[in-house]
Amino acid sequence: EAQVTQNPRYLITVTGKKLTVTCSQNMNHEYMSWYRQDPGLGLRQIYYSMNVEVTDKGDVPEGYKVSRKEKRNFPLILESPSPNQTSLYFCASRPGEATKQYFGPGTRLTVT
Amino acid sequence: QKEVEQDPGPLSVPEGAIVSLNCTYSNSAFQYFMWYRQYSRKGPELLMYTYSSGNKEDGRFTAQVDKSSKYISLFIRDSQPSDSATYLCAMRGDSNYQLIWGAGTKLIIKP
């Protein structure tokens, strides 16, 4: 089944404790991205990647890191999480210039 | 001012009603206009997309783009309780593949 998977789905952590949210897609898509979704603000892009080893900042990259060492994986790293990073996070992928993005199921992160 | 404005709702209508969801935008370079549907605790899924101006119909759903007014709409006919979800508009230009998103409108269809 073609899909984007994220892990974990739910995470509660404390300020300053490094964490990684994994994202993997099995559709051989070139383009992957991370979004956060907050009430009233919609989806805001954190980082995106056009292909392996090519990443760029989105609208709200502060406090986040990403890497794209393999085509299928695009992990999101929070080196020192803070409470303002409490949010719902989505990974998405699409084939190159296509309009249709495929979203993962989301990761709900709470930082206390 | 945001590039894409969308009323967050909630919009509550009775089953069977015609629903109109809308977004306005400011960037005249936008050419691709998309509607995504997001059920609770799920990721968004593409519902429809339109290139440039005009209408597109798919079953009970019609997407409409008015570039002169910088206004896009999604109409749902014969609305069903299963249509209850958050509807997000998204758009981009021809050469810039980054999507710009509306905040999403929460729709509730009452049986």
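None of the values given here were measured: they were computed from a predicted structure.

**Topic: the overall build of chain A**
Scanning chain A from N- to C-terminus turns up zero helices and eleven strands. For chain A, the C-alpha radius of gyration of 13 Å lies close to 13 Å, the compact-globule estimate for 112 residues. With the C-alpha coordinates aligned to their principal axes, the bounding extent of chain A is approximately 35 × 25 × 25 Å. For chain A, the proportion of contacts with a sequence separation of at least 24, taken over those separated by at least 6, is 53%. Per element, the accessible surface of chain A, about 5300 Å² overall, is 50% carbon and sulfur.

**Observations concerning the state of the cysteines**
Residues and elements named next belong to chain B. Throughout the structure, instances matching the rule amount to two disulfides over all chains. Each disulfide pairs two cysteine sulfurs, and for C23 the partner residue is C89, the sulfurs being separated by 2.0 Å. For the disulfide bridge between C23 and C89, the dihedral angle about the S-S bond is near -105°, and by the sign convention the bridge is left-handed. Of this pair, C23 sits in strand β3 (residues 19–25) while C89 sits in strand β9 (residues 85–93); the two residues are 66 residues apart in sequence, bridging distant segments of the chain. Residue C23 shares its accessibility class with C89, and that shared class is buried.

**Re the sheet that holds strand β3 (residues 19–25) of chain A**
Residue and element names in this part refer to chain A. Here we have four strands laid out as an open sheet, ordered β1-β3-β8-β7, and antiparallel in their pairing. The sheet is open, and its two edges are formed by β1 (4–7) and β7 (65–66), each paired on a single side. Pairing of β1 with β3, which is carried by four bridges, proceeds in the antiparallel orientation. Residue T5 lies in a different strand from β3, and its bridge partner there is S24.

Basis of the calculations
- Residues numbered from 1 in each chain as written.
- Chains lettered and ligands numbered in written order.
- Predicted model: local features only at pLDDT ≥ 70, side-chain atom pairs only at ≥ 80, totals over all residues.
- Heavy atoms only, no water.
- Helix = DSSP H or I, 4+ residues; strand = E, 2+ residues; numbered from the N terminus.
- Rg over C-alpha atoms; globule rule 2.2 N^0.38 Å.
- Contact = heavy atoms within 4.5 Å.
- Areas by Shrake-Rupley, 256 points an atom, 1.4 Å probe, with all protein chains shown as cover.
- Disulfide = S-S within 2.5 Å.
- Buried < 20%, exposed > 50% of the residue type's maximum accessible area, 1.4 Å probe, protein only.
- Pairing = 2+ DSSP bridges.

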